Amino acid sequence: MRALIPFLTLWCVAAGTLPAATPGDGSVLPFPPAPMAGEAKPRLQDSTMKWPDEPQRLPKDAPSILIVLIDDVGFGVAETFGGEVHTPTLTKLANEGLRYNRFHTTSICSPTRASLLTGRNHTRVGSGTIAERAVAFDGYTGIIPRTAATLAEVLKQYGYHTSAFGKWHNTPATETTAIGPKDRWPNGYGFEYFYGFLAGETSQWEPRLVENYDAVEPPHDDPRYHLTEDMVQKALEWLDKRESFAPDKPFLMYWAPGGVHGPHHIFPEWADKYKGKFNDGWDAYRERVHKRQLERGIIPPGTKLTPRDETMTAWKDIPENQRAFQQRGMELFAGYVEHTDAQVGRLVAGLEKRGLRENTLIFYIWGDNGSSAEGQQGSISELLAQNNIPNTVEQQIAALEKLGGLAALGSSKTDNMYHSGWAWAGGTPFKATKLVASHFGGTRNPLVVSWPKGIKPDKAIRSQFAHVIDIAPTLYEVLGILPPKVVNGQEQIPLDGMSFASTFTKADAPAAKTVQFFDNNGSRAIYKEGWYACTFGPFIPWNTPASAPRIAKWDSAADEWELYDLTRDFSQADDLAKRRPDKLAELKQEFLTLAEDNKDFPIGAGNWLRLHPADRIQTSYTSWTFNRNTRRMPEFAAPGIGRQSNAITIDVEVKEGASGVLYALGGSGGGVTCYLDRGHLVYLYNMMIIEQYAARSEIQLPAGKHKIEVLTHIAGLAKGGAVTLQVNGREVGRAELKRTVPAAFSASETFDVGVDLGSTVALDYFDKRPFAFEGEIHAIKVALTK
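No experiment lies behind these values; they were computed from the predicted model shown.

Caption draft 1: Spatial organisation of the sheet that holds strand β23 (residues 670-677). Reading across the sheet, the 6 strands line up as β20-β29-β22-β23-β24-β25 and stay open at both edges, with antiparallel pairing between neighbours. The open sheet is flanked by β20 (633-634) and β25 (691-700), the only strands paired with a single partner. Where β23 meets strand β24 (residues 680-687), 7 bridges bridge the pair, whose relative direction is antiparallel. The partner of L676 across the bridge, within β24, is L681.

Right under this line is the structure:
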């Protein structure tokens, strides 16, 4: 393969054991400017002018690079790897390239993305947990340091044009407002163009989009709009601009859709393809998939199917009257998966049409972690689990009936996610799900690599132990790039990843990686030379209510560890801890050494906010003055009007019978809104769909100026309270809040004045969105109160 340099050389440079770098060798970026080739003399007529030749810093035929990162999908989902969801693009690229069955991620979104982009372990680059749950420990700040330059930043310096599409999730949540700061947005990390969303998830129907540094709105009147399809179109348009302006330059495209993270939003016809196919439940699904994986050689002969955890629900225990709800959840997920893969197919077809496919190196990463159990027992509002709000399936179904029944699932009226049993099934043959770093259902994800010009297709599965941190050094080796020691004046920390480029030509190439550590929420593990030691930790992803008391009394030093010989046990089915206590003790000690080196202390820091919710990242302000131009204020930066006592004063001027939103926070999955309905003042607290607390004035506001006050008292975190509506000093309505949201209504919905952007908090004006206010809003003042 052209342009490969020995991995040993890369390792020595990173370790500082080679001679000092010379100017222009790439050890210091940006490269020094080339001196002018002409000659400048005192007199113009004696001088010569010549621009310097641009240095050739890349191999002559350096490939373009496409990295596709699918969200929240496990090892046993895609038919390409033995699952039951149609994935023709993944299969096509696998047939045109290579398959990997021992590739790993972290067990959660932001950490995997930070590791992928930097080539370093997640805690070393401040990403021990998701950006929204950042805390003040070095490994958990949610900030990728400048001492860990991204792949995009490095390749841009070498002449690549760079772009990112879709989910970002690596910017502190309080820095995602229109006013910034914006240096930690994608463009600040080496991407010349970005189109997508900054948060961990968003609606596929009304996504909270950003283009470079500016908020943009999707079309409100297009019934066929879907974000993943939009991403393809924007990516192809960007490629066309590159072809027009810089056709000789290679590109790096990072294409990371929201699919198939919750909410599971998809057109009904895609879900209907799977109608009835999962009626026998998740236990039977695992049996079928495991058998198929063995028959096709996707997993080694003799690989055992791990049993269901005792805290998980068996399909036979699902009541008959709830099964249609649970089955439809999986049908929607499957349709969403197939639709997402089809959009990757459109993107690949676009490369082919433009003559770019032959020399584009594609990494198709099937999951940034395993399938997500955050839907718990099945949910119509997925953040119920993340807020740890008690609820029942009966409540879910009753609330769903008011929205139109099962037909509302997958629509913009719900933030639906399937039962955690389906997530467990999606991890076949492994025993866990997303958020579990100790077992491979959370961290082992299929990988396909395809590069027609540089890699000969091979059906032999690559089984070397590899990790998402290995992508960057692999690309550097392919391109002959030395990992830089200094980037933009910042001395760089060494890469943790190890190149697996040798596997491109040899199926049985020795694995470069011998050690890897994992940790998330106290669920942790260490891999070393075929051995694997791990402990589950206190958090149960598929049962967050049960997790709270476990976390409260948890002591990481008292955790019980397991031990596996992965050379014989692909699925972690045979625990050898009692038979090899010596090996287990050795690995436990080495884990602590690695954890300290990678800034992972304190162990379990991702659980800090579950114990100390008041420490959540939030704005330091306690009072605000807003006007009609206040739009797209992210919930994490907005006033906590749904979880804290507050007083809101609105100065308005209206005509007779005016309608429209005064302010709204959140979306269909949960939120608070205050609006006029033909002159009547209405307040609604949408408690994650399952409960609605409302007040409506009997009187209509006459034409003219008015002072509206919304006075909210909340007894404490996640407690109940009351809301009083006043107009010109007179009480006109009151609402009882039986309970309130402790953390957040949504991941990406916003606070808006004069409209309800994104999905609508109130179903009453769903067909009138964004339900712009018919009148003048002179000022809205918000003050947090005790």
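Still to come is the rest of the account.
Caption draft 2: Local environment of the environment of G200. The residue G200 is located in the loop between β6 (193-197) and β7 (209-211) in this model. C-alpha separation for the pair G200 and A425, spaced 225 residues apart in sequence, amounts to 23 Å. When near neighbours in sequence (up to four residues on either side) are disregarded, G200 contacts D71, E132, K167, H169 and H261.

Caption draft 3: Structural view of the sheet that holds β7. Across the sheet, 9 strands lie side by side as β3-β11-β10-β2-β9-β5-β6-β7-β8; this open sheet has mixed pairing. A strand with exactly one partner marks an edge of an open sheet, and here the two such strands are β3 (98-100) and β8 (214-216). On average, each strand axis in the sheet is inclined to that of its neighbour by 15°, with strand direction left out of account. Relative to strand β11 (residues 447-450), β3 is paired through 3 bridges, and the arrangement is antiparallel. Across the sheet, residue L98 finds its bridge partner in β11, namely V449. Docked against the sheet, helix α5 (residues 227-245) engages β5 (161-167), β6, β7 and β9 (251-256), running at close to 175° with respect to β9.

Caption draft 4: Up close: the layout of surface pockets. Empty space within the largest pocket amounts to approximately 940 Å³. In terms of lining, the largest pocket is formed by 45 residues, of which the most central are R133, Q386, N387, R610 and A743. Where the lining of the largest pocket is concerned, the elements lending two or more residues are α9 (383-386), α13 (544-552) and α15 (608-611). Its residues placed into classes, the lining of the largest pocket shows 24 nonpolar, 13 polar and 8 charged.

Caption draft 5: Spotlight on helix α12 (residues 471-479). Counting buried positions over the 9 residues of α12 gives 9, a clear majority of the element. Here α12 has its buried residues at I471, A472, P473, T474, L475, Y476, E477, V478 and L479. Immediately beyond the C-terminal end of α12, within one or two residues, lies G480, with a positive phi of roughly 70°.

Caption draft 6: Layout of empty space enclosed by the protein. Inspection of the entire model under this criterion finds 5 cavities of 30 Å³ or more. The computed volume of the largest cavity comes to approximately 120 Å³. Lining the largest cavity are 16 residues, and of these E201, S203, D415, S746 and E749 lie nearest its centre. Grouping the constituent residues of the lining of the largest cavity by class yields 5 nonpolar, 7 polar and 4 charged. In this structure, the second largest cavity occupies an estimated 60 Å³ of space. Taken together, 13 residues make up the lining of the second largest cavity; nearest its centre are S499, F500, A511, A512 and K513. For the lining of the second largest cavity, the class distribution of residues is 7 nonpolar, 4 polar and 2 charged.

Caption draft 7: Up close: the packing of helix α2 (residues 88-95) against helix α8 (residues 323-353). For the pair α2 and α8, interaxial distance at closest approach is 7 Å and the crossing angle is 50°. Here α2 is positioned oblique relative to α8, judged by the angle of their axes. Where α2 abuts α8, its residues P88, T89, L90, K92 and L93 lie against D341, A342, V344, G345, V348 and E352. Residues belonging to the contact of α2 with α8 are distributed by class as follows: 6 nonpolar, 2 polar and 3 charged.

Caption draft 8: Quick look at the pairing of strand β19 (residues 623-626). In β19, alternate side chains face the same way, and those of W624 and F626 are buried while those of S623 and T625 on the opposite face are not. Pairing analysis gives 4 bridges linking β19 to strand β30 (residues 775-784), with the strands arranged antiparallel. Bridged to S623 within β30 is A783.

The rules behind the values
Residues numbered from 1 in each chain as written. Predicted model: local features only at pLDDT ≥ 70, side-chain atom pairs only at ≥ 80, totals over all residues. Heavy atoms only, no water. Pairing = 2+ DSSP bridges. Helix = DSSP H or I, 4+ residues; strand = E, 2+ residues; numbered from the N terminus. Contact = heavy atoms within 4.5 Å. Axes fitted to C-alpha atoms, helices over the stretch in contact; angles between N-to-C directions. 1 Å grid on protein atoms, 1.4 Å probe; cavity = no way out; pocket = protein on both sides within 12 Å on 5 of 7 lines; lining within 4 Å. Points joined across faces, edges and corners; volume = space filled by probe spheres on them. Nonpolar A, V, L, I, M, F, W, Y, C, P; charged D, E, K, R; others polar. Buried < 20%, exposed > 50% of the residue type's maximum accessible area, 1.4 Å probe, protein only. Parallel < 35°, antiparallel > 145°, perpendicular 65-115°, else oblique.

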